Amino acid sequence: MLIKSSARLDGSDIPASEITPRGVFERRRQLLLAAGASAAGLAFGRRAFAANEPADSAKLAATPNPKFQVTDKPTSLKDITSYNNFYEFGTDKGDPVQNAHSLQTRPWTVSVEGEVHNPKTYAIDDLLKLAPLEERTYRLRCVEGWSMVIPWTGFSLAEIIKRAQPTGNAKYVQFISLADPKQMPGLSSNILDWPYSEGLRMDEAMHPLTLLTVGLYGQVLPKQDGAPVRIIVPWKYGFKSAKSIVKIRFVEKEPPTSWNKYAPNEYGFYSNVNPQVDHPRWSQATERRIGDDGFFSPKRPTLMFNGYGDQVASLYQGMDLKKFY
Ligand SMILES: Nc1nc2c(c(=O)[nH]1)N[C@H]1C(S)=C(S)[C@@H](COP(=O)(O)O)O[C@H]1N2
Ligand SMILES: [Mo]
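Note that the structure is predicted; figures quoted are calculated from it, not measured.

**Brief notes about the nonpolar core**
Phase 1: Grouped together as the largest cluster of nonpolar side chains are 85 residues, with contacts concentrated most on Ile248 and Phe250.
Phase 2: For this core, the element with the most residues is strand β5 (residues 146-156), which contributes six residues.
Phase 3: For isoleucine 248, the contacting residues outside a window of four places in its chain are Val110, Ser111, Val112, Glu113, Leu157, Ile160, Val173, Gln174, Phe175 and Leu212.

Shown next as structure tokens:
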């Protein structure tokens, strides 16, 4: 995410994911030391499943929604569950699959709060029954320059928003992830200002594409992918799609977001996938499809709004997307 890309002297690119700036390296080292301490028996031994916690492979019945299926070949379950960004469990792509077993997904509640007439705290198993579960295959494009195609399970976030009845003051929605250092070893590093926090404008949150996500490949969401519930906003860079959320808060002013606070000149509030607006340290014109495109095959062109322009471009009519990146 914050990872630095640079051109080699021969003009070829070093993949952004293979370069580690010094600060990150140092913090990662601290993290490894902390993890070593826990391996010595202090904190994060592999635990049995909490009471009522579904096994990772538990099936989740859902009906495919034909309106939301990209035709690109889906990424393999293996890649989707072993190449992750989830800094609460470490900064390497392989850390979440190693470490996320310490996340306890039951009991779990999601509080819907702030500028709403109907605030409510949902137990996760009630939330799962709020609306019919759909299967939708979306592209996911990380700001680092790679992408996947993922068959998610969930329903439109709008289903919750309608029930919450936002007040006239609700202009934005904030999503807040769990931040429990007992379950999340990555919190011992101050790389981000925890809890992980993201946000959308109200009309973006209400858009039918915006998915409250509880599963993938017909199974409950694996922990490393943000169990038990996350948001998926397919036309924006992946970091907008907060994992393991515990709060959905309606607010009047644009909420602070984790990556924007970390580097405001690199990660804007909007963060729409836009091949014409480069990241200050690398181009966003192309991407590498995980599992399909090797490091040496030509990268594929990145699509405006990640290919969802027909559905979402109207939300940004009249906005200068170079300014509101
Ligand atoms: N809470 C939380 N949510 C997060 C992140 C994170 O570090 N913490 N990483 C984001 C980033 S940068 C990306 S690309 C996607 C990755 O989702 P995936 O691992 O399921 O592919 O999750 C996003 N959501
Ligand atoms: Mo990302």
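**Comments concerning unusual backbone geometry**
Phase 1: Here the residue pair arginine 106 and proline 107 is connected by a cis peptide bond, since its omega of -10° sits within 30 degrees of zero.
Phase 2: Between alanine 227 and the following residue, proline 228, the backbone shows a cis peptide bond with an omega angle of -5°.
Phase 3: Among the structural elements, proline 228 can be located in the loop between β9 (219-220) and β10 (230-232).
Phase 4: Despite not being glycine, glutamine 165 has its phi angle at roughly 50°, a positive value.
Phase 5: Judged by its relative accessible area of 41%, glutamine 165 falls in the partly exposed class.
Phase 6: A positive phi is found at serine 244, a non-glycine position, where the angle reads about 45°.
Phase 7: On the secondary structure map, serine 244 appears in the loop between β10 and β11 (245-251).

**A short note on the pattern of salt bridges**
Phase 1: The tally for this structure, following the rule as stated, stands at 19 salt bridges.
Phase 2: Linking arginine 300 and aspartate 293 is a salt bridge whose minimum nitrogen-to-oxygen distance equals 2.9 Å.
Phase 3: Residue arginine 300 is classed as partly exposed on the basis of its relative accessible area of 29%.
Phase 4: Within the structure, one salt-bridge network assembled from shared partners comprises Asp72, Arg139, Arg141, Glu287 and Arg289.

**Concerning the pairing of strand β8 (residues 211-216)**
Phase 1: The buried fraction of β8 amounts to six of the six residues, a majority that puts the element mostly inside the structure.
Phase 2: Note that β5 and β8 share five bridges and pair antiparallel. Paired with phenylalanine 155 across the bridge in β8 is leucine 212.
Phase 3: When β8 meets β10, the two strands line up antiparallel, connected through three bridges. Directly across from leucine 211, in β10, lies its bridge partner isoleucine 232.
Phase 4: Here β8 pairs with β9 via two bridges, running antiparallel. Residue pairing for β9: glycine 215 is matched across the bridge by valine 220.

Reading guide: rules and limits
Residues numbered from 1 in each chain as written. Chains lettered and ligands numbered in written order. Predicted model: local features only at pLDDT ≥ 70, side-chain atom pairs only at ≥ 80, totals over all residues. Heavy atoms only, no water. Core = buried A, V, L, I, M, F, W, Y, C linked by side-chain atoms within 4.5 Å. Buried < 20%, exposed > 50% of the residue type's maximum accessible area, 1.4 Å probe, protein only. Helix = DSSP H or I, 4+ residues; strand = E, 2+ residues; numbered from the N terminus. Contact = heavy atoms within 4.5 Å. Salt bridge = Lys/Arg side-chain N within 4 Å of Asp/Glu carboxyl O. Pairing = 2+ DSSP bridges.

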